[in-house]
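The lines below spell out each chain.
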Amino acid sequence: MFRDRICAAIDTLGLASSDGEPLDLSRVKTEPPRDADHGDLATNAAMVLAKKVGDNPRALAQRIADAMAADPDVSEATVAGPGFVNLRLADGFWRARLAEIIEAGADYGRAALGAGTKVNVEYVSANPTGPMHVGHCRGAVVGDTLANLLAFVGFEVTKEYYINDAGAQVETLGRSALLRYREALGEDIGAIPEGLYPGDYLKPVGQALAAEHGEALLRMAEGEAVAIATDAAIEAMMAMIRDDLAALNVHHDVFFSERTLHADGARKIRKAINDLTMKGHVYKGTLPPPKGQVPEDWEDREQTLFRSTEVGDDLDRPLVKSDGAYTYFAADVAYFVDKYERGFDEMIFVLGADHGGYVKRMEALARAVSDDRARLTILLCQLVKLFKGGEPVKMSKRSGQFVTLREVVDEVGRDAVRFMMIYRKSSEPLDFDFDKVTEQSKDNPVFYVQYATARCHSAFRQARESISGVEADLSALDLLTHPEEIAVVRKLAQYPKVVEAAANSREPHRIAYYLHDVASEFHAHWNRGTSDDALRFVKVNDRQLTSARLGLVRGVLNVLQSGLGILGVEAPTQMR
RNA sequence: GCACCCGUAGCUCAGCUGGAUAGAGCGCCGCCCUCCGAAGGCGGAGGUCAGAGGUUCGAAUCCUCUCGGGUGCGCCA
């Protein structure tokens, strides 16, 4: 909002561009300089406008600086470097910001960026064939946090989970469950055959089937029995997955079943393909063999293809297999159409890095279906490497040696998992050290930030013990005069901008980094009280001053709670 | 072969969508507790932002190429 004041000041200078056109102020930016010594705010206005106006940047900067100096909230306006105007703002300005922060409470940082925009965030979507493993953690947290963040800035967000409950995979699941059913009836099933799911987690499904159906399934046609077992298994797996997600504090609004697309003679898929065909995106033909290693059994076959190359893809994509069945991608098409028809302006997909090859075809799909109206965002999360005591944890799916999501959450706690999974750009690989994240020290960012909130509460507790009934008091804020106190307020005042930038760039990790910064600022200030008695929060003989400083603490706590809330991480009142 | 992601301090990574002398944590060196929780803080050393061009007042950031690492590449879900 200070930008507006600067633009207004520029207006008063009566500048005119040499070509007679109105001045374009859109490139004028104001932001806090990286180096705090330069002031509170810097603007590039003079450098951006100098050429147009036909003045040299430093001279123009000086005129802008002079105009800004008239603003009562500006304590100093100077010209620096190639033509920056640096502004130092009066302490009163910052105290007013602190008052805003305190008054806004939990709403501080909220925005209306997304007002009227419907966003669908799809994440996790793990196959319902077993418990979730650690690999799913990151996507779950990134998706959930991003959804929270977007909701915080006003988007109408739907959190969605796509259940891959159709196809060969779940039939295998059904067969595996059926085997466990026979086991539950007392049969010796021996080793689980190759190709079926060996995990013990299917035993309860077998037992439930036995309890419900007795020996009835044994007498049925195999297909019928498998179908019943499949249904039961999927239901059980999804219950387990929801439990796992709940342990991570992740809750979806919509669980979308792939089966519904295949239901009714694949009505939805047929309709979707028909839509694409009407728009001229579908043809029958053959694809060239892949360039890398050509499969040994390669042969040209005619298929129904989506002409995705015309909308940005590298290769046309098959919709119908040569045997007449629909491809997985065909279901994706139908699913996307369904989402689009539900009125979402933007679809966000949080996927694992191994889905990189999917990006282009999804973008092509979005363009074709929505005539380029739908916005599509795909976040690819890189791998998480697990460490224990500095040693990498070996995992292999083949040997069944994988760490489940539940194990990780149970061992280190959901807060640690959530914070660490978001404490990195999602496009960057991530190391997760079991020992580090449970450490109670500043080396552990989760602890460090939570400790700051605990310290805030501690300050309140201390204050109330020594001065009965003392509270943060807005009318006392004028007593905050130390530069260090103002510095803390400056940091807090960045929150709305950080939130906005994180939301706009769809980069929730920025919140986590910012919170670490705030905590750092607060810890530093807290420590000043140990060396300088004058800077303590609690001044036993000065109720007014104490309530002013509690105001600062309140502001810090407010921002930390808000940010942690977006991350889905608790803000503890004390550490244990 | 093609496409996407990535290359920043010894290590792990930020860098506010183009700004000033490139930051943080770890590790290393030094300092601060007769209690506001030191479960913390302060300071120091450490960089050719992979390399080369280009765009402009200005590039770690945008464009092109090269080198190096990761991932994925018909009818699998």
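Shown above is the structure to which this text applies.
Parameters at a glance
- Residues numbered from 1 in each chain as written.
- Chains lettered and ligands numbered in written order.
- Predicted model: local features only at pLDDT ≥ 70, side-chain atom pairs only at ≥ 80, totals over all residues.
- Heavy atoms only, no water.
- Salt bridge = Lys/Arg side-chain N within 4 Å of Asp/Glu carboxyl O.
- Helix = DSSP H or I, 4+ residues; strand = E, 2+ residues; numbered from the N terminus.
- Expected span 1.5 Å × (residues − 1).
- Buried < 20%, exposed > 50% of the residue type's maximum accessible area, 1.4 Å probe, protein only.
- Contact = heavy atoms within 4.5 Å.
- Polar contact = N/O pair within 3.5 Å; in protein donor to acceptor, adjacent residues only side chain to side chain.
- Near = heavy atom within 4 Å.
- Nonpolar A, V, L, I, M, F, W, Y, C, P; charged D, E, K, R; others polar.
- Core = buried A, V, L, I, M, F, W, Y, C linked by side-chain atoms within 4.5 Å.
- Arc of directions from axis to C-beta.
- Phe/Tyr/Trp six-rings, centres within 6.5 Å; stacked < 30°, edge-to-face > 60°.
- Lys NZ or Arg CZ within 6 Å of the ring centre and 35° of its normal.

> Would you mind going over the pattern of salt bridges with me for this structure?
Opposite charge on two side chains permits them to pair, given that their charged atoms come into close proximity. Scanning the model with the defined rule gives 38 salt bridges in all. The partner of Asp410 in a salt bridge is Arg406, with the nearest N and O atoms 4.0 Å apart. You can see Asp410 and its partner Arg406 sitting in helix α13 (residues 405-412), four residues apart, about one turn around the helix. It is possible to trace a salt-bridge network through shared partners that takes in Glu160, Lys268, Asp338 and Arg342.

> I'm lost on helix α18 (residues 509-531) in this one. Help?
Between its first and last C-alpha, α18 extends 34 Å over 23 residues, near the 33 Å set by a 1.5 Å rise per residue. Those residues of α18 that sit buried are His509, Ile511, Ala512, Tyr514, Leu515, Val518, Ala519, Phe522, His523, His525 and Gly529. Against the buried residues of α18 lie α5 (135-152), α14 (414-422), α15 (445-466), α16 (483-493), α17 (495-504) and α19 (543-567).

> Looking at this model, I keep getting lost on the side chain of Ser257. Mind explaining?
Position of Ser257 among the secondary structure elements: in strand β7 (residues 254-257). Here Ser257 falls in the buried class, since its relative accessible area comes to 16%. At a separation of 2.6 Å, a polar atom in the side chain of Ser257 contacts the side chain of Asp165. Dropping the residues within four chain positions of it, Ser257 is found in contact with Ile163 and Asp165.

> What is the right way to read the protein's contact with RNA strand B from this model?
Near RNA strand B, the surroundings consist of 68 residues, among which Lys321, Ser322, Lys442, Arg455 and Trp526 are the closest. Backbone atoms, meaning sugar and phosphate, make up 63% of the atoms of RNA strand B lying within 4 Å of the protein. Note that a sugar or linking oxygen of RNA strand B is positioned 2.8 Å from one of the backbone N or O atoms of Ala166. A distance of 2.6 Å separates a phosphate oxygen of RNA strand B from a polar side-chain atom of Gln462. Elements that contribute at least two residues to the surface near RNA strand B include exactly α2 (45-53), β4 (84-89), α15 and α18. The element that contributes the greatest number of residues to the surface near RNA strand B is α18, accounting for nine residues. Per-class residue counts for the surface near RNA strand B are 25 nonpolar, 21 polar and 22 charged.

> What is the right way to read the nonpolar core from this model?
Generally speaking, nonpolar side chains in soluble globular proteins are found buried as a group. Counting 142 residues, the largest nonpolar core has Ile64, Met68, Leu87, Val417, Phe419, Phe432 and Leu567 as the members making the most contacts within it. When residues in this core are grouped by element, the largest group, 11 residues, is from α19. Among all residues touching Phe432, those that are not within four sequence positions of it are Val384, Lys385, Leu386, Phe387, Val408, Val412, Ala416, Val417, Met420, Met421 and Val437.

> Any chance you could explain α13 here in plain terms?
In an α-helix there are 3.6 residues to a turn, and that puts residues three or four apart on one side. Of all the residues in α13, the buried ones are Leu405, Val408, Val409 and Val412. Angular distribution of buried residues about the axis of α13 spans 95°; they occupy a single face of the element. Considering only its buried residues, α13 is in contact with α5, α9 (222-247), α14 and β15 (430-433). Directly beyond the C-terminal end of α13, a positive phi value near 95° is found at Gly413.

> Can you help me understand the packing of aromatic side chains in this one?
The description of two aromatic rings rests on the distance between their centres and on the angle between their planes. For the coordinates displayed, the defined rule picks out 16 aromatic pairs. Measuring from centroid to centroid gives 5.8 Å for Tyr495 and Tyr514, while their planes differ by 25°, and the two rings are stacked. Residue Tyr495 is found in helix α17, and its partner Tyr514 is found in helix α18; the two are separated by 19 residues along the sequence. The pair Tyr495 / Tyr514 is uniform in exposure class, with both members buried. Ring pairs connect the aromatic residues Phe2, Phe93 and Trp94, which therefore count as one cluster. Just above the ring of Phe255 sits the side chain of Arg242; from NZ or CZ to the centre is 3.9 Å. Over the aromatic face of Tyr283 sits the side chain of Arg307, whose NZ or CZ is 4.1 Å from the ring centroid.

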